[in-house]
Amino acid sequence: MLIKNAKLRNNDNLVDILIKDGIITKIDSNIEVNNDEIIDAKGFLVIPPFIEPHIHLDTTLTAGEPKWNESGTLFEGIERWSERKEFLTIEDVKTRARKAITWQVANGIQFIRTHVDTTDPSLTAIKAMVELREELKDYVTIQIVAFPQEGILSYPNGLELLEEALKLGA
């Protein structure tokens, strides 16, 4: 791939950026290539992608389901999520997460670390996010953190669920 006419930080001249196998191999003016995809940056700024270091994609876009967090506190939020996760399906999680990821990628994020609840006896959200990570791997890098929302030792089989989440790919 060749990106032509790119503006870089701290450089007044437009440059071309040659990328081979996902790695920048050359930055220079007027690079010539044959049979490569060429993108004209039209003088716009080209910078490294952004990173989302902490998001809970399993819970995204669930506000008000099944009830609103009236107090706005973390503790009520955890309680609302505990109620909501009873209705999780793999498609539900993937649809909501894919929408949020699409928004993120459109705003320059290419690396996402998501914390996914492991206190669900069927690990629905973990399974969904592992599938989605594979489906979107050509567009975004997703790191899944196994997150025991309701505790490792205080939740029934919490430790075993956490270990299983790791085996599934978190």
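Structure's up top.
Residues numbered from 1 in each chain as written. Predicted model: local features only at pLDDT ≥ 70, side-chain atom pairs only at ≥ 80, totals over all residues. Heavy atoms only, no water.

## Details of the nonpolar core
Judged by nonpolar contacts, the single largest core of 27 residues is most densely connected at Leu57, Ile101, Ile112, Ile126, Met129, Ile142 and Ile144. If you list the elements that add at least two residues to this core, you get α2 (90-106), β6 (109-117), α3 (124-135), β7 (141-147) and α4 (158-168). Per element, the largest residue contribution to this core is six residues, and it comes from α3. Sequence-distant contacts of isoleucine 101, defined by excluding residues within four places in its chain, comprise Leu57, Ile112, Leu132, Leu136, Val140 and Ile142. By size, the runner-up hydrophobic cluster in this structure holds seven residues, among which are Ala6, Leu8, Val15 and Ile17. (Core = buried A, V, L, I, M, F, W, Y, C linked by side-chain atoms within 4.5 Å. Buried < 20%, exposed > 50% of the residue type's maximum accessible area, 1.4 Å probe, protein only. Helix = DSSP H or I, 4+ residues; strand = E, 2+ residues; numbered from the N terminus. Contact = heavy atoms within 4.5 Å.)

## Focus on a nonpolar patch on the surface
A surface patch of nonpolar side chains, amounting to about 280 Å² of accessible area, comprises Leu45, Ile47 and Phe50. Taking relative accessible area as the criterion, isoleucine 47 reaches 38% and is therefore assigned partly exposed. (Patch = residues over 30% accessible without salt bridge, like charges linked within 9 Å, V, L, I, M, F, W, Y side chains within 5 Å. Areas by Shrake-Rupley, 256 points an atom, 1.4 Å probe, with all protein chains shown as cover. Salt bridge = Lys/Arg side-chain N within 4 Å of Asp/Glu carboxyl O.)

## Here we look at the sheet that holds strand β5 (residues 50-55)
The strand order β5-β6-β7 describes an open sheet built from three strands, whose pairing is parallel. Of all the strands in the sheet, the pair left with one neighbour each is β5 and β7. Across the sheet, the mean angle separating the axes of adjacent strands is 15 degrees when strand polarity is ignored. Relative to β6, β5 is paired through four bridges, and the arrangement is parallel. (Pairing = 2+ DSSP bridges. Axes fitted to C-alpha atoms, helices over the stretch in contact; angles between N-to-C directions.)

## Some remarks on the environment of lysine 167
Within the fold, lysine 167 resides in helix α4. By relative accessible area, which is 68% here, lysine 167 ends up exposed.

## Looking at the pattern of salt bridges
Applying the stated criterion to the full structure yields 16 salt bridges. A salt bridge links lysine 4 to aspartate 16, with the nearest nitrogen and oxygen atoms 2.7 Å apart. Residue lysine 4 is found in strand β1 (residues 2-6), and its partner aspartate 16 is found in strand β2 (residues 15-20); the two are separated by 12 residues along the sequence. The two residues lysine 4 and aspartate 16 agree in class, both being buried.

## Here's the deal with the layout of surface pockets
Volume-wise, the largest pocket comes out at about 850 Å³. Lining the largest pocket are 27 residues, with Ile3, Ile19, Ile47, Pro49 and Gln110 positioned closest to its centre. Listed by contribution, the elements that provide at least two residues to the lining of the largest pocket are β2, β3 (23-28) and β6. Partitioned by chemical class, the residues of the lining of the largest pocket number 20 nonpolar, four polar and three charged. Estimates place the volume of the second largest pocket at around 320 Å³. What lines the second largest pocket is a set of 18 residues, among which Thr59, Gly77, Ile78, Arg80 and Trp81 lie closest to the centre. Counting residues per element, the lining of the second largest pocket draws most heavily on helix α1 (residues 74-84), at six residues. When the residues that make up the lining of the second largest pocket are grouped by side-chain class, the tally is six nonpolar, eight polar and four charged. (1 Å grid on protein atoms, 1.4 Å probe; cavity = no way out; pocket = protein on both sides within 12 Å on 5 of 7 lines; lining within 4 Å. Points joined across faces, edges and corners; volume = space filled by probe spheres on them. Nonpolar A, V, L, I, M, F, W, Y, C, P; charged D, E, K, R; others polar.)

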